[in-house]
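If you want the building blocks of each chain, they are given just below.
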Amino acid sequence: MVRVTTTDRRTVLRASAGLVTAGAFTTGCGTSGAVPHPTRFRAPAKPSPAPGPRRLPGLPAQLTHGPRTHPRVALTFHGNGDPATAHALLREAEQAGARVTVLAVGTWLDAHPDVSRRILDGGHDLGNHTLHHLGINDMSEAEARVEIEGCAQRLRRLTGSIGSWFRPSRAARASPLVERLARETGYPHVLSYDVDSLDFTSPGAPAVTREVLGGIRAGSVVSLHFGYADTVAALPAVLEELDRRGLAAVTTTELFS
């Protein structure tokens, strides 16, 4: 993984400033420069719909890990809490060349609708983690359906798809009922994990780092959370050690491709 240093960023900024000073870019208002006929400004195209779920032939309905034969892992984050920590974690991952998977809570998307596009624009996976993040396995069929479909509807409204993955709330694995409801909503697979960081217990960054690195191996799917300072503090050390071990942090879609 390649990290962009502060010095590198300053160099790029100085170079860009030099180009502007030299007239390499023009405003199109009659100023002279290296580009005699500047291109007319075009508004950015409407974003294309986000990727949706995929059926993975030969794999079980509930997935706990990917292939053990490839040096890749998936860091998956429960999308909830203070969006500032979400942005910090995404920046840290991207600076290290890593891509992650975010399972978003529907009410979190309601409160911070811009975060879905930020996740997708960074090249990350985005999925469904129910509407209210309640104990879905303990709900009635009608209640559980509302939780799954409610988040799916918000994802579709914000991104054009129901998201790539579904993960049950407050449970590592879905009950048979929840598994069926997820499938009926459009998710062929339920995404579980084989490494739990326990970051939601706020044990401190060193403990989060030890928990992840102690259990992770090729093909692992790791459960992490937005909204916790320990996770932000632990991520650089986790990514550095993954790089040392030759394990690439990729999206869950890439892990199973």
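This text goes with the structure placed above it.
What you see is a predicted model, and the numbers here were worked out from it, not measured in a lab.

What counts and what doesn't
- Residues numbered from 1 in each chain as written.
- Predicted model: local features only at pLDDT ≥ 70, side-chain atom pairs only at ≥ 80, totals over all residues.
- Heavy atoms only, no water.
- 1 Å grid on protein atoms, 1.4 Å probe; cavity = no way out; pocket = protein on both sides within 12 Å on 5 of 7 lines; lining within 4 Å.
- Points joined across faces, edges and corners; volume = space filled by probe spheres on them.
- Nonpolar A, V, L, I, M, F, W, Y, C, P; charged D, E, K, R; others polar.
- Helix = DSSP H or I, 4+ residues; strand = E, 2+ residues; numbered from the N terminus.
- Buried < 20%, exposed > 50% of the residue type's maximum accessible area, 1.4 Å probe, protein only.
- Lys, Arg positive; Asp, Glu negative; His and termini not counted.
- Salt bridge = Lys/Arg side-chain N within 4 Å of Asp/Glu carboxyl O.
- Polar contact = N/O pair within 3.5 Å; in protein donor to acceptor, adjacent residues only side chain to side chain.
- Contact = heavy atoms within 4.5 Å.
- Expected span 1.5 Å × (residues − 1).
- Phe/Tyr/Trp six-rings, centres within 6.5 Å; stacked < 30°, edge-to-face > 60°.
- Axes fitted to C-alpha atoms, helices over the stretch in contact; angles between N-to-C directions.
- Left-handed = near helix turned anticlockwise from the far one by under 90°.

Moving on: the layout of surface pockets. Of the pockets and cavities examined, the largest pocket occupies roughly 310 Å³. Considering the residues around the largest pocket, the lining is formed by 17 residues, among which H78, H129, H133, F200 and H225 are closest to the centre. A breakdown of the residues in the lining of the largest pocket according to their chemical character gives seven nonpolar, eight polar and two charged.

Before going further, it helps to examine the side chain of R167. With respect to the helices, strands and loops of the structure, R167 is situated in the loop between helix 5 (141-159) and helix 6 (176-185). For the buried R167, no salt bridge exists, and the shortest N-O distance to an oppositely charged side chain is 8.3 Å, to D194. Reaching out from R167, the side chain makes a polar contact with the side chain of T76 at a distance of 2.9 Å. Among the polar contacts made by the side chain of R167, one reaches the side chain of H78 at a distance of 3.2 Å. In contact with R167, other than residues within four places in its own chain, are T76, H78, L103, N128, H129, T130, L191, S192, Y193, V221 and S223.

Compared with the 27 Å implied by 1.5 Å per residue over 19 residues, the 27 Å span of helix 5 between its first and last C-alpha is a close match. Here helix 5 has its buried residues at A144, E147, I148, G150, C151, A152, R154, L155 and T159. Buried residues belonging to helix 5 abut strand 3 (101-104), helix 3 (106-111), helix 4 (114-121), strand 4 (125-128) and helix 6.

Quick look at the packing of aromatic side chains now. What the rule picks out here adds up to four aromatic pairs. Aromatic side chains W165 and F256 sit 5.9 Å apart centroid to centroid with 45 degrees between the ring planes, which places their arrangement in the tilted category. With W165 in the loop between helix 5 and helix 6 and F256 in the segment after helix 9 (252-255), the pair connects residues that are 91 residues apart, well separated along the chain. On the accessibility criterion, W165 (4% relative accessible area) is buried. Take F256: its relative accessible area is 11%, and that puts it in the buried class. With a centroid separation of 5.9 Å and an interplanar angle of 40 degrees, the aromatic rings of F166 and Y187 are classed as tilted. Of this pair, F166 sits in the loop between helix 5 and helix 6 while Y187 is found in the loop between helix 6 and strand 5 (190-191), placing the two residues 21 residues apart along the sequence. Each member of the pair, F166 together with Y187, is buried. Feature note: the residues F77, W108 and F226 constitute an aromatic cluster, connected by ring pairs.

Turning our attention to the pattern of salt bridges. This structure, assessed with the given rule, holds 13 salt bridges. For the salt bridge of R154 with D110, the shortest nitrogen-to-oxygen distance reads 2.8 Å. Residue R154 is found in helix 5, and its partner D110 is found in helix 3; the two are separated by 44 residues along the sequence. Classification of R154 by relative accessible area gives buried; the value is 19%.

Bringing helix 7 (residues 205-215) into the picture now. Among the residues making up helix 7, those that are buried are A205, A207, V208, T209, V212 and L213. Against strand 6 (195-196), strand 7 (221-225) and helix 8 (229-245) lie the buried residues of helix 7.

Quick look at the packing of helix 7 against helix 8 now. Axis separation between helix 7 and helix 8 bottoms out at 8 Å; the angle between their running directions is 35 degrees. The two elements helix 7 and helix 8 meet at a crossing, and its hand is right-handed. Between helix 7 and helix 8, the residues in contact are A205, V208, T209, V212 and L213 and D230, A233, A234, A237, V238, E241, L242 and R245, respectively.

To continue, consider empty space enclosed by the protein. Summary: where empty space remains is shown by rolling a probe the size of a single water molecule over the atoms. This structure, assessed with the given rule, holds one cavity of 30 Å³ or more. By volume, the largest cavity is sized at about 40 Å³. In terms of lining residues, the largest cavity is bounded by V208, V212, L224, T231, A234, L235 and V238. For the lining of the largest cavity, the secondary-structure elements that each account for two or more residues are helix 7 and helix 8. It is helix 8 that provides the largest number of residues to the lining of the largest cavity, a total of four residues. Here the lining of the largest cavity is built from residues that sort into six nonpolar, one polar and no charged.

Assignment of secondary structure puts G160 in the loop between helix 5 and helix 6. For the pair G160 and S48, spaced 112 residues apart in the sequence, the C-alpha separation amounts to 7.7 Å. Leaving out residues up to four positions away in the same chain, G160 has contacts with P49 and L155.

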